[in-house]
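# A look at the structure
Spelled out, the chains give:
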Amino acid sequence: MSDPHQRPEGRSTSRRPPGTFKVGTIAGSDVLVTSSWFLIAVLIAVWIAPTVDRVQPGLGAWKYVVGLIFAVILYGSVLLHEAAHAYAARHYGYPVGAITLHFLGGATAIEGEAKKPREEFWIAVVGPITSLVVGGIGVGLHLLGPEGLLKMAIEGLAGANLFVGLLNLVPGLPLDGGRVLKSVVWGATKSVHRGTIVAGWAGRVVAVLVLLWPFVQGRIGSLGEPDPFDYLVYVIIAMFLWGGASAAISSARMRTKLPRLVARDLARRTLAVPADLPLSEAVRRAQEAQAGSIVTVTGAGVPVGVVNEAALLATPADRRPWMATSAVTRQLDDGLTLPVDITGEDLIVAITRTPAAEYLLVESDGSVYGVLTTADVDAAFRRADN
Ligand SMILES: [Zn+2]
């Protein structure tokens, strides 16, 4: 609802995060419920039980069950909102993971960034539209003049969905309306970066307005004085919005630096040595060859390991003549060998997927080009300013 487009780091979307329960499938996505949701469902049930009792007296403890059913119906409409995001994303060919319901609403895991402003617009806007349509249907049903608990349920559903629909259209990230604003600025300026920055700053403005709202409310007599609990709620919402907006801004800034990360340019010259060569001799040869890294190879010249600089530096010089170079290497498992032409976001994804200090860079024919260190990538990232 409020943060529909979680971008998971990895590719696997089938794994279930800890503390969640699968309750079903909608629009091709698993529907997960977090344990915090059960807490909020119980709170909602307790909160509306007195109203249930007033509308339909004499239910006894059943009023809590009715309250719980209302909570489930309410989140069912949140689910429709999320299913709309998921359906639109899948329509444009983006892989969609699970829909998660949590205490603040829901979130849909969509992989990758939208490639066109039009796609971003529709994936974002269908959520609030769905909520407004559900709210509108609720208003229509209300006109039919239902009685008792049915009337209460329809009013609650209509009110909540109109509120959620309008709230999510507020044009600031991380709300859906922020994504709509981003897509509009992106379409107008042809710059996704500018779109995200504008919508991110709009989100920060919204966060500040939320923070100031209880003070305004206090001055408008008819709305009543806010109590300390109101202030707390607004502070929490403002922090949530500010955090989401800031994350969007910093990830946009990061993206502008990414194209400047080129593995080939960052490669260290490397020296190939037999795995059983004494470490001191490997270091001597590397210094002589002015190589910034050492790779161990088999007799046939196939690379098998890359020397870990930290492990090497931690080895006292007087022990190095008695140790094989392989003692301080990390075996070249999957993910530690990268194509030398890898750049930008692909490079970041690759090193995030298999975290290590050193990677072997190879040409397309398999020959060794050099070694890439995470430290060098970090330094290059810091050098690349906006
Ligand atoms: Zn949404």
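The structure contained in this document is the topic of the report that follows. (Residues numbered from 1 in each chain as written. Predicted model: local features only at pLDDT ≥ 70, side-chain atom pairs only at ≥ 80, totals over all residues. Heavy atoms only, no water.)

Here we come to the sheet that holds strand E12 (residues 368-373). In any sheet, the strands associate via hydrogen bonds between backbone groups, in a parallel or an antiparallel arrangement. With mixed pairing, the three strands of this open sheet are ordered in space as E10-E11-E12. Of all strands in the sheet, those bounded by a partner on one side alone are strand E10 (337-339) and E12. The average angle at which neighbouring strand axes cross in this sheet is 35 degrees, direction not considered. Bridge count between E10 and strand E11 (residues 358-362): three bridges; the pairing is parallel. Of the residues in E11, the one forming a bridge with Leu338 is Leu361. The sheet strands contacting helix H12 (residues 374-383) are E11 and E12, and the helix crosses E12 at an angle near 65 degrees. (Pairing = 2+ DSSP bridges. Helix = DSSP H or I, 4+ residues; strand = E, 2+ residues; numbered from the N terminus. Axes fitted to C-alpha atoms, helices over the stretch in contact; angles between N-to-C directions. Contact = heavy atoms within 4.5 Å.)

This part covers helix H6 (residues 192-219). The end-to-end C-alpha distance of H6, which contains 28 residues, comes to 40 Å, matching closely the 40 Å that a straight helix rising 1.5 Å per residue would cover. Approximately 40 degrees is the largest bend angle found in H6, and it occurs at Trp213, with the proline Pro214 only one to four residues beyond. (Expected span 1.5 Å × (residues − 1). Bend = angle between axes of the 7 residues up to and from the residue.)

Next up on the list: the pattern of salt bridges. The tally for this structure, following the rule as stated, stands at 11 salt bridges. The residue Glu120 makes a salt bridge to Arg179 at a minimum N-O spacing of 2.8 Å. In this pair, Glu120 sits in helix H3 (residues 117-143) while Arg179 sits in helix H5 (residues 176-189), placing the two residues 59 residues apart along the sequence. Of the two residues examined, Glu120 and Arg179, each falls in the buried class. The partner of Arg284 in a salt bridge is Glu281, and the shortest N-O contact between them spans 3.0 Å. A residue pair is termed a helical-turn pair when its members lie 3 or 4 positions apart in one helix, as Arg284 and Glu281 do in helix H9 (residues 279-288) at three residues. Of the residues examined, Arg284 reaches a relative accessible area of 40% and is grouped as partly exposed. Linked through salt bridges whose partners overlap, the residues forming this network are Glu281, Arg284, Arg285 and Glu288. (Salt bridge = Lys/Arg side-chain N within 4 Å of Asp/Glu carboxyl O. Buried < 20%, exposed > 50% of the residue type's maximum accessible area, 1.4 Å probe, protein only.)

What follows covers the coordination of the zinc ion. Any two of four tetrahedral donors ideally make an angle of 109.5 degrees at the metal, while pairs among six octahedral donors ideally make 90 or 180 degrees. Protein coordination at the zinc ion: the donors are His81 (NE2), His85 (NE2), Asp176 (OD) and Asp176 (OD), at 2.0 to 2.8 Å from the metal. Given four donor atoms and angles of 52 to 147 degrees at the metal, the environment of the zinc ion is assigned as irregular. Linear spacing of the donor residues for the zinc ion on their chain is H-x3-H-x90-D. Note that His81 is positioned in helix H2 (residues 62-91) and Asp176 in helix H5, a separation of 95 residues in sequence. Overall, the relative accessible area of 0% leaves His81 in the buried class. (Donors = N, O, S within 2.8 Å, 3.2 Å for Na, K, Ca; no water. Tetrahedral: all angles 85-135°; square planar, octahedral: opposite > 155°, others 65-115°.)

In this section: the environment of Ala188. Take Ala188: it is sitting in helix H5. The class for Ala188 is exposed, based on a relative accessible area of 65%.

Quick look at the pairing of E12 now. Where E11 meets E12, five bridges bridge the pair, whose relative direction is antiparallel. Looking at E12, one finds that Val362 is bridged to Val368. Where E11 folds back on E12, the antiparallel hairpin that results is connected by five residues, among which Gly366 adopts a positive phi of roughly 95 degrees.

Time to look at the nonpolar core. In terms of nonpolar packing, the biggest core is built from 25 residues, with Trp37, Tyr75, Ala89, Tyr94, Leu101, Ile110 and Ile123 touching the most fellow members. Of all the secondary-structure elements, those providing two or more residues to this core are strand E3 (29-34), helix H1 (35-55), H2 and strand E4 (96-102). The next biggest cluster of nonpolar side chains, apart from the first, holds 24 residues, and it includes Leu336, Val340, Leu347 and Leu372. (Core = buried A, V, L, I, M, F, W, Y, C linked by side-chain atoms within 4.5 Å.)

With that out of the way, let us pick up H12. Of all the positions in H12, only Thr374, Val377 and Ala380 are classed as buried. End-on, the buried residues of H12 take up no more than an arc of 125 degrees, which puts them together on one face. The exposed residues of H12 that point more than 90 degrees off its buried face are Ala375, Arg382 and Arg383. Looking at the packing, one finds that the buried side of H12 touches helix H8 (263-266), helix H11 (344-353), E11 and E12. (Arc of directions from axis to C-beta.)

All told, the structure shown has five aromatic pairs when counted by the stated rule. A centroid spacing of 5.7 Å and a plane angle of 85 degrees characterise the contact between Phe21 and Phe38, whose relative ring orientation is edge-to-face. In this pair, Phe21 is assigned in strand E2 (residues 20-26) and Phe38 in helix H1, connecting sequence segments 17 residues apart. The exposure class assigned to Phe38 is partly exposed, which follows from its relative accessible area of 40%. Taken together through their ring pairs, the aromatic side chains of Phe21, Trp37, Phe38 and Tyr75 make up a single cluster. In this arrangement the basic side chain of Arg204 is found over the ring face of Trp201, its NZ or CZ atom lying 4.6 Å from the centre. (Phe/Tyr/Trp six-rings, centres within 6.5 Å; stacked < 30°, edge-to-face > 60°. Lys NZ or Arg CZ within 6 Å of the ring centre and 35° of its normal.)

Here the focus is the packing of H3 against helix H4 (residues 148-168). Two numbers describe how H3 lies on H4: the axes approach to 7 Å, and their chain directions differ by 150 degrees. Taken together, H3 and H4 sit at an angle that is classed as roughly antiparallel. Helix-helix and strand crossings are classified by hand; for H3 and H4 the assignment is left-handed. Here Pro128, Ser131, Leu132, Val134, Gly135, Gly136, Gly138, Val139, Leu141 and His142 of H3 lie close against H4, whose contacting residues are Lys151, Ile154, Glu155, Ala158, Asn161, Leu162, Val164, Gly165, Leu166 and Asn168. Among the residues making up the contact of H3 with H4, the classes are represented as 10 nonpolar, eight polar and two charged. (Parallel < 35°, antiparallel > 145°, perpendicular 65-115°, else oblique. Left-handed = near helix turned anticlockwise from the far one by under 90°. Nonpolar A, V, L, I, M, F, W, Y, C, P; charged D, E, K, R; others polar.)

With mixed pairing, four strands are arranged side by side in an open sheet as E6-E7-E8-E9. Edge positions in the sheet fall to strand E6 (270-274) and strand E9 (329-331), since each has one partner strand and no second. The average angle at which neighbouring strand axes cross in this sheet is 35 degrees, direction not considered. As judged from the five bridges shared by E6 and strand E7 (residues 293-297), these two strands associate in the parallel manner. Bridge assignment links Leu271 to a residue of E7, and that residue is Ile294. Contacting E6 and E7, H9 crosses the sheet at an angle of about 150 degrees to E6.

As far as function goes, none of this settles anything; it's purely spatial.
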